[in-house]
Amino acid sequence: MGSKTTFSLLLHLIFLSITLTDAQDCYTTGNFTANSTYAKNRDLVLRSLASNVTANGGFYNTTIGSGNDTVYGLVHCMASPSAGNCSLCVNSSIQALMTACPNQKEAISWGGNPVPCIVRYANRYFFGSLERSPTLALYNTGKIDATFAQFDQAWSGIRDIVTRANSTNASRNMLATETIDLSSTHTIYVFMQCTPDVSQSNCGECLQQSVDYYKSCCYSYQGGVVGTPNCFFRWDLYPYYNLFPQVTSPPLHISISTSTGISISTIQC
């Protein structure tokens, strides 16, 4: 599946965290023309997602139109956000999506400010389907400050979290957060979540794929993120998203890579 990927990264000093503000993938499976019925339905879907997401607990999907002009849309705010934070992420993601993908019939946006969220639409029914791509990866370019054996053991613990989350998490949010001791002075903070439309088994498969993807691209770096259409995985050496007790963390060197082969590197000041 072809795609055009656009990124905008905002780095700030609030808890010295990674904040992915906007990352879009514009599919190359078809375009629509301005002022067409599909264009109007796409805009209606995105407005409906923005106006209904908080009233529906952070997850909402909708369908507007008929025949070839049907548009399917889905939005999910992750990490148990407040209504205000959910709206901020969704509205920012939608604006970025419309700018980056002005006439593509299918697109997805990952937002991360101030919490992670997913916004996507398409001219095909995708609700409940497990999709393995596109895949977005962020990672801190600083190397892990531990022996490889320590980190390898800790990484096995991250894989175990997927198994436990899949076997015990039957809630609608499909959210898992855990900590793993890397050394006497370092703790790994892990966050995983799936979109509520996928099955529990597909959620586990998606998260396992994300963990394996991170290991293949970014192993031994000081934290990172993998996002797919159905799930979100993050680990770092400091708390984030107000899911863990807050502690002081060091400056980070940040890099981004995607399954399309694009990479961007920058340094947090």
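The present account deals with the structure reproduced in this document. (Residues numbered from 1 in each chain as written. Predicted model: local features only at pLDDT ≥ 70, side-chain atom pairs only at ≥ 80, totals over all residues. Heavy atoms only, no water.)

### Looking at the state of the cysteines
Okay, step 1: This structure, assessed with the given rule, holds six disulfides.
Okay, step 2: Bridging Cys77 to Cys86, the disulfide has an S-S length of 2.0 Å. In this structure the cystine formed by Cys77 and Cys86 twists about its S-S bond by roughly 80 degrees; its chirality is therefore right-handed.
Okay, step 3: Since its relative accessible area comes to 3%, Cys86 is described here as buried.
Okay, step 4: Here Cys206 engages in a disulfide with Cys231; their sulfurs sit 2.1 Å apart. Taking the sign of the S-S torsion, about -85 degrees here, the bridge from Cys206 to Cys231 comes out left-handed. (Disulfide = S-S within 2.5 Å. Buried < 20%, exposed > 50% of the residue type's maximum accessible area, 1.4 Å probe, protein only.)

### Focus: the pattern of salt bridges
Okay, step 1: A complete count under the given rule lists eight salt bridges for this structure.
Okay, step 2: Among the salt bridges present, the one from Arg42 reaches Asp43, with a minimum N-O distance of 3.2 Å.
Okay, step 3: Its salt-bridge partner being Asp236, residue Arg234 comes within 2.8 Å of it at the nearest N-O pair. In this pair, the class of Arg234 matches that of Asp236, namely buried.
Okay, step 4: Because the salt bridges share partners, they merge into one network encompassing Glu106, Arg120, Arg124 and Glu131. (Salt bridge = Lys/Arg side-chain N within 4 Å of Asp/Glu carboxyl O.)

### Section: the pairing of strand E10 (residues 224-227)
Okay, step 1: With burial as the criterion, each face of E10 is covered, one bearing Gly224 and Val226 and the other bearing Val225 and Gly227.
Okay, step 2: Sheet topology places strand E7 (residues 136-140) next to E10; four bridges connect them, and they run antiparallel. Paired with Leu136 across the two strands is Gly227, which belongs to E10.
Okay, step 3: Relative to strand E11 (residues 231-236), E10 is paired through four bridges, and the arrangement is antiparallel. Bridging across to E11, Gly227 finds its partner in Phe232.
Okay, step 4: Hairpin connection between E10 and E11: a loop of three residues separates the two successive antiparallel strands. (Helix = DSSP H or I, 4+ residues; strand = E, 2+ residues; numbered from the N terminus. Pairing = 2+ DSSP bridges.)

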